[in-house]
Structure formats: structure tokens, C-alpha cells
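# A look at the structure
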Amino acid sequence: MSDSYDDEKLSAVLVHGLRPVKVTIADYDPGWPARFERRAAELRAILGERVRLIEHIGSTSVPGLAAKPIIDIVIGIDDPDDEPAYLSDLEAAGYNLRVREPEHRCLRTGDPDEPVNLHCYRPDHLEVRRYLAFRDRLRASESDRNLYAATKRELAHQEWRDMNYYAEAKGPVIGQILSRAGWRD
């Protein structure tokens, strides 16, 4: 969901509609990678050979970076639009569908204690490559980590009509950081 948002656009893809939110940013927790590893093992067990890629993305994947304490995971599957091929297995394991848009599904589990956002794309999808380029740049650049953390902390002072508006507000800084990583849209 990288285009500019409005309530109508979001309502068309959000399974449960808009959810007002106040963002909480936490200092880095060295336990986040282990939480990812547990979920990755669970996803491999649930999906088996259907999962072609599992990566820890988002701020919790970057050592030292403050973040919303939500583990973000991207998986690569052959066809995210073919929900019968995988969705019921994820739902049976407690994952709840939150976003349905072409070539992308987002599910949520673990609330409230260990929340996880699970993004499903084809393994070679542009967004997967963008997530990984951004993560890797933040891991490599202290100045970009600091810039991103300061941006998130500043934006967290506001209340948002939906988490997607918060994500969109980070867009200009994310674009700058991706540019320094050599990313070209």
C-alpha cells in the first residue's frame, strides 16, 4: 500500500476498516530477533514448501533502532491472490487477515503480548525488494537509523485515523534513505 491514501481507498483494502491508533515507539529490544525466529519456524511448519522466503523486516529487524514493538515479517509465496492455497492454514494458526489488495495480503497475530504483522507477496515482488533494501540500509548506516528513529518518535506524538496514515507520513524520509541505498523506483 504505497500510494497516497484517503479513507475511501483504505476502506477498500482493509478487511476490518479504519482503526484509529496512537503509535508507541519503544527502545530497541534485543529479544525481537528471537521472536522473529520463533514465528519464522512456525510459518515454515504451517506452510512448508509453499513458503519460498521468510524475512524479518521493519524496525524490529534493525539492531539498535527504536520501533513499534511489533514484529514485521514478509513471506514469499507463489500467488498471494490464491487465498485457498494458504490462508485457511494461517487463520487456523491464529493469523487474522487485515489487508486484501492485489498481490498482497497482510495478516496479524499475537495481540496483545507479541504482535506480528505478516505480509504475503510473491518472493520477487518489488515491495519485498524495497523492504529488504530499506532494512539493510538501516542496518548499515547509523545516521539513517538515527534520522528514521527521530522521525518516528516525532510522528508518534500524533493520533492517526489508521496506522496506514502514520506509515504514509514516514514516506519522505523512507524515500531519502532508500535513495542513499541506491534504490530507484
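Throughout what follows, the structure given in this document is the object of discussion. Numbers given to residues run from 1 along each chain, matching the order in which its sequence is written. Given that the model is predicted, a residue must reach a pLDDT of at least 70 before its local features are reported, and side-chain atom pairs must reach 80 or more before they are shown or counted; all residues, however, enter totals for whole chains, interfaces and linings. Working from all heavy atoms in the structure, the side-chain values ignore hydrogens and water.

### A look at the packing of aromatic side chains
Here is the rule: rings of Phe, Tyr and Trp (six-membered ring for Trp) pair when centre to centre is within 6.5 Å. Planes less than 30 degrees apart are stacked, more than 60 are edge-to-face, and the remainder are tilted. In total, this model carries four aromatic pairs according to the counting rule given. Considering the side-chain rings of tyrosine 28 and tryptophan 32, the 5.3 Å spacing of their centres and the 85 degrees angle between planes classify their relative orientation as edge-to-face. Residues phenylalanine 134 and tyrosine 148 carry aromatic rings whose centres are separated by 5.0 Å and whose planes lie at 85 degrees to one another, so their mutual orientation is edge-to-face. Of this pair, phenylalanine 134 sits in helix 4 (residues 126–140) while tyrosine 148 sits in helix 5 (residues 142–155), and the two are 14 residues apart along the sequence. The buried label goes to any residue with under 20% of its type's maximum accessible area, the exposed label to any with over 50%, and the partly exposed label to all in between, with areas taken from a 1.4 Å probe on protein chains only. You can call phenylalanine 134 buried: its relative accessible area is 11%. Placement of a charge over a ring requires the Lys NZ or Arg CZ to be within 6 Å of the ring centre, with the centre-to-atom vector within 35 degrees of the ring normal. The ring of tyrosine 165 has arginine 161 sitting right over it, with the charged end atom 4.2 Å from the ring centre. Helix and strand definitions here come from DSSP, where helices need a minimum of 4 consecutive H or I residues and strands a minimum of 2 consecutive E residues; each element is numbered from the N-terminal end.

### A few points about the pairing of strand 6 (residues 116–121)
Two faces, one strand: in a regular strand the side chains alternate between the faces of the sheet. Taken across its six residues, strand 6 has six buried, putting it largely inside the fold. Across the two faces of strand 6 the burial is the same, with Val116, Leu118 and Cys120 and Asn117, His119 and Tyr121 all buried. Here, strands pair whenever DSSP counts at least two bridges between them. Here six bridges tie strand 3 (residues 71–77) to strand 6, and the two strands are oriented parallel to one another. When the sheet's bridge partners are listed, isoleucine 71 is paired in strand 6 with valine 116. Examined bridge by bridge, strand 5 (residues 104–109) and strand 6 share five bridges and lie antiparallel to one another. Paired with cysteine 106 across the bridge in strand 6 is histidine 119. If you look at the hairpin formed by strand 5 and strand 6, you'll find six residues sitting between the two strands, and glycine 110 has a positive phi there, around 85 degrees.

### Topic: helix 4
Side chains of residues three or four places apart in an α-helix project in the same direction, reflecting 3.6 residues per turn. The terminal C-alpha atoms of helix 4, which comprises 15 residues, lie 21 Å apart, in line with the 21 Å expected from a rise of 1.5 Å per residue. In this description, contact between two residues means that some pair of their heavy atoms is separated by no more than 4.5 Å. Taken together, the buried residues of helix 4 touch strand 2 (51–57), strand 3, strand 6, helix 5 and helix 7 (171–180). Each helix should span, by expectation, one fewer than its residue count multiplied by 1.5 Å.

### Points about the pattern of salt bridges
The working definition used for a salt bridge is a side-chain nitrogen of Lys or Arg within 4 Å of a carboxyl oxygen of Asp or Glu. Tallied over the full model, the rule gives 17 salt bridges. Between aspartate 111 and arginine 108 there is a salt bridge; the shortest N-O distance is 2.9 Å. The class of aspartate 111 is partly exposed, set by a relative accessible area of 44%. Here aspartate 144 ties to arginine 137 by a salt bridge, and the two come within 2.7 Å at their closest N and O atoms. Its relative accessible area of 2% is what places aspartate 144 among the buried residues. One continuous salt-bridge network, built from bridges that share partners, spans Asp81, Glu83, Arg100 and Arg105.

### A look at the environment of valine 21
Counting through the fold element by element, valine 21 comes out in strand 1 (residues 21–22). C-alpha separation for the pair valine 21 and tyrosine 166, spaced 145 residues apart in sequence, amounts to 9.0 Å. Setting aside residues no more than four positions away along its own chain, valine 21 makes contact with Glu159, Trp160, Asp162 and Met163.

### Observations regarding the sheet that holds strand 3
Strands sit in the order 2-3-6-5-4 across an open sheet of five strands; the sheet is mixed. Looking at the sheet topology across the chains shown, the edges are occupied by strand 2 and strand 4 (96–101). For this sheet, the mean angle separating the axes of adjacent strands, direction not counted, is 20 degrees. The strands that helix 2 (residues 32–47) touches are strand 2, strand 3, strand 5 and strand 6; relative to strand 2, the one it contacts most, it runs at about 165 degrees. All axes here are fitted lines through C-alpha atoms, helices being fitted over the stretch that makes contact, and every angle between N-to-C directions spans 0 to 180 degrees. Across the sheet, helix 4 lies against strand 2, strand 3 and strand 6, angled at about 35 degrees from strand 2, the strand it touches most.

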